[in-house]
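# Notes for the structure review
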Amino acid sequence: MKIVVLVKRVPDTASVFKVASDGRSVELDGLKFVMSPYDEHAVEEAIRLKEKMGAEVIVLSAGPPECKEVIRSALAMGADAGAHLLLPGDTGYASRGVAEALAVAAKTLEPDLILAGKQAVDDDAAQVPERVAELLDLPHASIVTRLECTATAVTVDCEVEGGQFTAELPLPALVTAQKGLNTPRYPTLPNIMKAKKKEIRELTLDKLGLSGDRLAAGMTVTAMALPRQQRLGKILDGDTAQRVKELVRALREDEKVL
Amino acid sequence: MSILAILEQRGGLKPCAYETLSAAATIAKASGMPLRALYIGAGLGEDAQSLAGFGAATVYAYEDPELTHFTPDAYVPIVVGLARELDAKVILGSATSVGKALCASVAGRLGVELAQDCTAVAWDSALAATKPLYAGKVVAEMRLDATPAMATLRPNVVRVERNETPPPSVVQRGKPEVTLRTIIRDVVSAAAGTVELTEAKIVVSGGRGLGDPKHWPVLQSLCDTLGAALGASRAAVDAGWIAHPHQVGQTGKVVSPDVYIACGISGAIQHQAGMRTARLIVAINKDPDAPIFKICDYGIVGDLFEIVPALNEEFRRVLGK
Amino acid sequence: MLLTLPERLIFALVLIGCIGWFAQRTVLLVRLIRMGADDPDITPGLWRTRLADMLLDVFLQRKVLRKPYVGSFHLLIVWGFFVFAVNTVNHFTGAFLPGFHLFGDTFAARGYAAIADLFALLIITGVVGMAVRRHVLRPPILTRPSVESAIVFTCIGGAMVAYLFAGSTKAALGILRHSEYHFACTFFARYLESIPASLLRPLAHVAWWSDALMHLALIGLLVIPTKHLHLVAGPINLLFRRPRPRGAMTRLNLEDESAEQFGVAKIEQFTWKQNLDLYACIECGRCLEYCPTALSDKPLRPKELIVDLKDHLIAHGPARVNGKGETPTLPGGVVATDVIWACTTCAACVEHCPMGIEHVDKLTDMRRHLVLMEAAFPETAETAFRQMETAGNPWGFPPGDRAAWAQDLDVATFAEKRRAEVLYWVGCNGSYDDRGKRIARAMVKILQAAGVDFAILGTEERCHCESARRLGNELLYQTAAQEIMETLKQYEFSRILVTCPHCLNTFINEYSAFDAHYRVVHHTEFIAELLDGGRLRVNASPSGRATVYHDSCYLGRYHDTYDAPRRVLATAGQRVIDPPHARERGLCCGAGGGRMWLEETLGVPINALRARELAETGAHQTAAACPFCITMLTDGMKSAHREDIAVLDIAEIIADALTSAGAHGPDGSE
């Protein structure tokens, strides 16, 4: 069995973000990059499957050369090999273009199961895995909190608002991981050292017979803003009834959270 | 050419279905393109009448017991087929688990752009979308020039506006001729009151200010009203008032809900480490110097035994419970 | 000549047998030690100092005498041991060479006779004194009722009684050499004079044999081994004391591609010195007396750790050295993981161990195994590890917000200034914790008042991950260390100022292993210096608030700084009170060794224990000089319902007491 895990290199969510001078992108200089947390759950699940039923786990990531660091950390967790699809530039890829390239790359790896995080925590685009599945015509399930696998099928619990459902998908299939799926392991030092020696296949658009043009987005960011840098710090005045009313109003109308 | 709104159902239509339709209506109006709605499920039935007031002339209802639950196998060909049939220039859906998965799949099939989880959409000779990135720390304004352009809308952000237009006519269609590879085995509704702390949208937490473990019901009833999870500070856990799985903080759970309501919690750094990424922080504490007020969005200085029940009543009132 | 020929033959056989057995046991004991790994911290050289230190510790019993009662009794036995070494040689050789004496027939031999008699009596006094303490008075630190110790006491005391018995029978028979100097033997001989010679002679044989056999038994106790072994292993252990500072953990070579093991999972993976430590333990229990985990009913009790490891080494080591098997795994097996994770690394055990045993590194080495090899550690440690790694602080606050506390303070960064006299290393607590920020602001007020040329690193600062290192995460620590040393290389400064003793220890004691040497000063010392130099003037508050000072372990026991903080407080007019546990005997707040990031679920919370003790001094406020201590004690006061006692950093107390007249403006003007 062969499992391919799609992982993405993203800035750590604890970072303080700044809008770059073009006003349309985030300043990436000085940010610390990590593997997107949901992808870690996907990698962990792949390794657990490997430990349970034997499998080859290949981690695939598309992006700038630095993506290899993220691939290495997946290898340190226990993945067997990596594949890095080098994309020109370091940001501003559209999900469509990346998904199309990843689908071609993933196909060359002939996976029985593709795992990915439910979304990457940078652009929160939440669509690349589903696109890849559709492009490869694979059955797929999103936001999975439990996964069981046999040689021919995978059974998953999918989270939906207000509940969950259980689905059974024939292999090959694609599944996206949600937090509750597992607890990603902390890599051990020997595994970190071993990871340095594991193979990372280098893929390029050229090698895959793809044109860079498809990467160009059919969408443009026209502006970027930082909505609220600081907490509001609004201490409400008045008697209890007034303050409570104002709080509920603010949460519903100003913040639109309830 | 048309604007297509995908109506989300779970049994009946969900509130977000009307929000999507309302947003699509705005775009239809601005672009001059006709608005069409799409329903996929067991049966639209009487709900068709509730779709009045948006200017949608037609709702395409794909009805079949097998379409009760979302599977990409069944749903994606429907949306793809209808989008092509209607030459949809804009396709809008809801940014729910199902809506996002469906739209991502459709976008993949159609090879078009999709902006997920938008907080606003508009028409400006192309679809314009406002979308939070980096867990809401950055907001991007984007234009989706290629068509059809797709977007999903975050629930609760669009105000539903209706006009005097009549309900759409229903075009009933059956399920498409596809092999369903995915089999739905079991559907479970989450039991009330068992919201997992780390995944809850709202967390209500109590600390030392609670004074005594017998006062948890004060917070629990607020949790019940809001569908929130109950959290606690380390001080409350250390005092033995509540079990450790409820602890929020450096040595407990790390939570990032939309709203975190801290009641009687001073907000020491260990606690902050567990909740500071919440989108909104509400603090209720009788000590005006408590550090929690420095990191809150809304603060009420006062006795939590007075504030919290009043807050509960107000929420019950406005939420119609 | 007392012994008959058959007796001599028998004794010869006994002696040969014993020597053979002793030799065999000794070889085994040495092989068990040599089974251990190399000890990179035992650098060659310094032998003169080592020897001098060891001799002072052995002959003057420097550490043992910290407890005067038991120390004095022990001193008698130690000196007696050296005195009786001569007697043992004389006694055994005399069996074959009648009249043999190491000192011949000299004045020394006569003097020795009197001294030996004297020490026989003193040793008996010492043994009785110690035995009464251990078995009758039984102070709380001597918990395990030990048959072994009863046997050792009996043998030492018995050997002395046998010596006196043998001497007095000889004296009664008139065959005791230098009998006029053997005052004790001749004294007891008087009571034997009434015994008829026919009975006296066999009695003398019995006495001779009992004397000889008791001495052999004492040597046997060494090599069995019992805790009596300490009398040989202890001095050797002191001689091989690691010369590095107490705060410097051994640097692991993480680049070693051939290494298959990091940290310690099995007894043979300890260094030979660490295993020698085990032989040296006499189970005196001093390591328990100020141990925060032992005092708070946690499963870690350093003495029991050492004894368990020693028993394990003796039980399972021989099979391993003889190639007949593997030793069982220590962490989680021989040593429970609860024991391993409980340690706060406060070093009270190490400080008070008279035998130079290092307890702490055994635990941190096992933690290294658990973290680096098994990734098996408390869940909450992982949160801290990941956040230290990605956000550069243990709480996961944005790295970009690190200097936000100083935004309105006119504090320059090195990025702007490139050089300054003092690099103020703010630390994570001062950068992010509301409480810590107040201390950082107080420190800045002091620096500005004294006109000190300083700057901070701002967002270039990051956590040095000291607590991760003590939790066993050497990789995280070394990665951070490399990064920090690179940052520091870019700028010019003459000293690093820290307000956290853990930062102090890291820079001063640990970075030297990476060939980075800095002059580092803790803020209490720095403030003392500013006050002494007249650069800072404070109002000695006439009210003289009673302030109890809590010694931070990493400032006190790791850095020997006890007086500066007290002096600074006194200068500011505080009436400084020491709690019962103070200075070298200070009690940890519970946060050291990375415990800050772990839940304390077993026993009594250490911070509450300490806070109660501080509160009971009747002080109005508590002063401390470590952000960990301040956090823990503030919480401790809350849980002890003594929130009325404020817990303040010394910098805050001084900043409050600054006289406006003595304060310089930010530009240095008065």
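I will try to describe carefully the structure that is included in this document. None of the values given here were measured: they were computed from a predicted structure.

## Thoughts on the packing of helix α9 (residues 272-280) of chain C against helix α12 (residues 302-321) of chain C
Residue and element names in this part refer to chain C. One way to put it is that α9 packs onto α12 with a least axis distance of 9 Å and a crossing angle of 105°. Judged by the angle between their axes, α9 and α12 are roughly perpendicular. For the pair α9 and α12, the contacting residues are Asn275, Leu278 and Tyr279 in the first and Ile306, Leu309, Lys310, Leu313 and Ile314 in the second. In terms of residue class, the contact of α9 with α12 is made up of six nonpolar, one polar and one charged.

## Let's talk about unusual backbone geometry
Here the bond from Thr147 of chain B into Pro148 of chain B is cis, since omega is -5°, no more than 30 degrees from zero. With respect to the helices and strands, Pro148 of chain B occurs in the loop between β10 (138-144) and β11 (149-153). Between Ile224 of chain C and Pro225 of chain C the backbone carries a cis peptide bond, its omega angle lying at -5°. Relative to the helices and strands, Pro225 of chain C resides in the loop between α7 (197-223) and α8 (230-239). Phi at Asp87 of chain B takes a positive value of approximately 50°, unusual for a residue other than glycine. Taking the relative accessible area as the measure of exposure, Asp87 of chain B reaches 34% and is therefore partly exposed. Unlike most non-glycine residues, Asp515 of chain C shows phi in positive territory, near 60°. Among the secondary structure elements, Asp515 of chain C is positioned in the loop between α22 (501-510) and β4 (520-522).

## With respect to the pairing of strand β1 (residues 2-7) of chain B
Residues and elements named next belong to chain B. Of all six residues making up β1, six are buried, and the element is well covered by its neighbours. Burial along β1 is two-sided: Ser2, Leu4 and Ile6 facing one way and Ile3, Ala5 and Leu7 facing the other are all buried. Here β1 pairs with strand β6 (residues 88-94) via four bridges, running parallel. Pairing of Leu4 across the sheet is with Ile91, part of β6. Both β1 and strand β4 (residues 35-41) contribute to a ladder of five bridges, which runs parallel.

## What to know about the interface of chain B and chain A
Frequently, the measure chosen for interface size is the accessible area removed from exposure when the parts meet. In this assembly, 80 residues from chain B lie in contact with 75 residues from chain A. Linking chain B with chain A are seven salt bridges. In this structure, Arg181 of chain B engages Asp137 of chain A in a salt bridge whose closest nitrogen and oxygen atoms are separated by 3.6 Å. Summed over the shared surface of chain B and chain A, the result is 39 residue pairs in polar contact (both at pLDDT 80 or more). When grouped by side-chain class, the residues that make up the side of chain B that touches chain A number 45 nonpolar, 13 polar and 22 charged.

## What to know about the sheet that holds strand β13 (residues 183-189) of chain B
Strand order across the open sheet formed by 10 strands is β11(A)-β5(A)-β4(A)-β1(A)-β6(A)-β10(A)-β7(A)-β8(A)-β9(A)-β13(B), with mixed pairing between neighbours. Both edges of this open sheet fall to β11 (200-204) of chain A together with β13 of chain B, since each of them pairs with a single strand only. Neighbour-to-neighbour, the strand axes of the sheet open up by a mean angle of 30°, direction not taken into account. In this structure, strand β4 (residues 56-63) of chain A lies alongside strand β5 (residues 81-86) of chain A, joined through six bridges in parallel fashion. Residue Ile58 of chain A lies in a different strand from β5 of chain A, and its bridge partner there is Ala81 of chain A. Of the strands in this sheet, β4, β5, β6 (113-117) and β11 of chain A are in contact with helix α3 (residues 95-108) of chain A, which crosses β4 of chain A at around 150°.

## Thoughts on the pattern of salt bridges
Under the defined criterion, the tally for this structure stands at 76 salt bridges over all chains. Here Glu314 of chain B ties to Arg317 of chain B by a salt bridge, and the two come within 3.0 Å at their closest N and O atoms. Taken together, the positions of Glu314 of chain B and Arg317 of chain B, both in helix α7 (residues 304-318) and three residues apart, correspond to about one turn of that helix. On the basis of relative accessibility, which here comes to 9%, the residue Glu314 of chain B falls in the buried class. Across the salt bridge formed by Lys437 of chain C and Asp434 of chain C, the nearest N and O atoms sit 3.7 Å from each other. Of this pair, Lys437 of chain C and Asp434 of chain C both sit in helix α19 (residues 434-449), three residues apart, which is roughly one turn of the helix. Overall, Lys437 of chain C belongs to the partly exposed group, its relative accessible area being 25%. Via salt bridges that share partners, Asp365, Arg368, Glu466, Arg469, Arg470, Glu474 and Glu510 of chain C belong to a single interconnected network.

The rules behind each value
- Residues numbered from 1 in each chain as written.
- Chains lettered and ligands numbered in written order.
- Predicted model: local features only at pLDDT ≥ 70, side-chain atom pairs only at ≥ 80, totals over all residues.
- Heavy atoms only, no water.
- Axes fitted to C-alpha atoms, helices over the stretch in contact; angles between N-to-C directions.
- Helix = DSSP H or I, 4+ residues; strand = E, 2+ residues; numbered from the N terminus.
- Parallel < 35°, antiparallel > 145°, perpendicular 65-115°, else oblique.
- Contact = heavy atoms within 4.5 Å.
- Nonpolar A, V, L, I, M, F, W, Y, C, P; charged D, E, K, R; others polar.
- Buried < 20%, exposed > 50% of the residue type's maximum accessible area, 1.4 Å probe, protein only.
- Pairing = 2+ DSSP bridges.
- Salt bridge = Lys/Arg side-chain N within 4 Å of Asp/Glu carboxyl O.
- Polar contact = N/O pair within 3.5 Å; in protein donor to acceptor, adjacent residues only side chain to side chain.

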